[in-house]
Amino acid sequence: MQSKPNITEFNTETLDLINRIINRYPEGRQKSALLPVLHIAQAENSGWLSSETMNYVASLLDIQPIEVYEVASFYSMFNLQPVGNCVIEVCHTGPCWLNGADEILAHFESRLGIKVGETTPDGKFTIKTVECLAACGNAPVIQVGTEYHEKLTTQKADELLSKWQSENKISHTNPYL
Ligand code: FES
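Residues numbered from 1 in each chain as written. Predicted model: local features only at pLDDT ≥ 70, side-chain atom pairs only at ≥ 80, totals over all residues.

Comments concerning the overall build of the protein chain
This is how it is decided: Secondary structure is summarised from DSSP: a helix means a run of H or I of at least four residues, a strand means a run of E of at least two, and numbering begins at the N terminus for each. In this treatment the radius of gyration is a C-alpha quantity, and the globule benchmark scales as 2.2 Å times the residue count to the 0.38 power. Partly exposed residues are those whose C-beta has more than 12 but fewer than 20 other C-beta atoms within 10 Å; with 20 or more the residue is buried, with 12 or fewer it is exposed, and the C-beta atoms are placed from the backbone.
Across its full length, the protein chain carries seven helices and four strands. Taking 2.2 N^0.38 as the reference for a compact globule, 177 residues should give roughly 16 Å; the C-alpha atoms of the protein chain span a radius of gyration of 17 Å, in line with that estimate. Every one of the 177 residues in the protein chain was classed for burial, and the buried ones make up 29%.

A few points about helix α7 (residues 154-167)
Along an α-helix, residues three or four positions apart point the same way, because every turn accommodates 3.6 residues. Where we set the bar: Helix span, as expected, comes to 1.5 Å for every residue beyond the first.
For α7, spanning 14 residues, the distance from its first C-alpha to its last is 20 Å, which sits close to the expected 20 Å at 1.5 Å a residue. Taking burial as the measure, the 14 residues of α7 include one buried ones, a minor fraction of the element. A positive backbone phi angle near 50 degrees is found at N168, which sits one or two residues after α7.

Remarks on the nonpolar core
Counted only if it meets this: Joining buried Ala, Val, Leu, Ile, Met, Phe, Trp, Tyr and Cys residues through C-beta atoms within 7 Å gives a set, and that set is a nonpolar core. Here the bounds of each domain stem from an automatic or database domain assignment.
V37, I88 and V90 are the most contacted members of the largest nonpolar core, which has 35 residues in total. Broken down by secondary-structure element, the contributors of at least two residues to this core are α1 (12-22), α2 (34-44), α3 (51-61), α4 (65-72), β1 (86-91), α6 (101-112) and β2 (125-130). Structurally, this core is a two-domain feature, drawing no fewer than three residues from each of domain 1 (12-72) and domain 2 (86-167).

A look at the domain arrangement of the protein chain
Buried accessible area, meaning the area lost when the parts come together, often serves as the stated size of an interface. By the assigned domains, the protein chain splits into domain 1 (12-72) and domain 2 (86-167). Centre-to-centre, using C-alpha coordinates, domain 1 lies 28 Å away from domain 2.

And the structure:
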């Protein structure tokens, strides 16, 4: 597994972006920018939020670290442990489960040789399960970064894995750049 990144300072471009987001909100309401800033922080920190990075976010927004921890730990899109370059999020809520999410999950586990919640030894892939991705009509569904893949079959999963392997897929890109 690759070394664990731990950003506690953003570059000027990222700080400018964050300040533009903070300035969308009334003075004293900078906490409203927390979700977008956490997305940016996670993307900049190789896909996860260390406590040091969350403390840095708290200092940027002039709020208490606990206010950042409670939001980051609530939403499944935030990772509080290091992850691989490509995080495969498999929806396992009712409609996806009824349409074969378990088979898709088992297929990814078998192909990558890891269990849900784990990362491949080369640091390329992590598998997670998540709750409803709001695309139930096209179940089963997975999310990889900003991409949705719907009506998934094991054949489609194989095609995606081959593509991601060959292009060294990185799923944690900054959605605001
Ligand atoms: S249950 Fe999977 S997208 Fe809604």
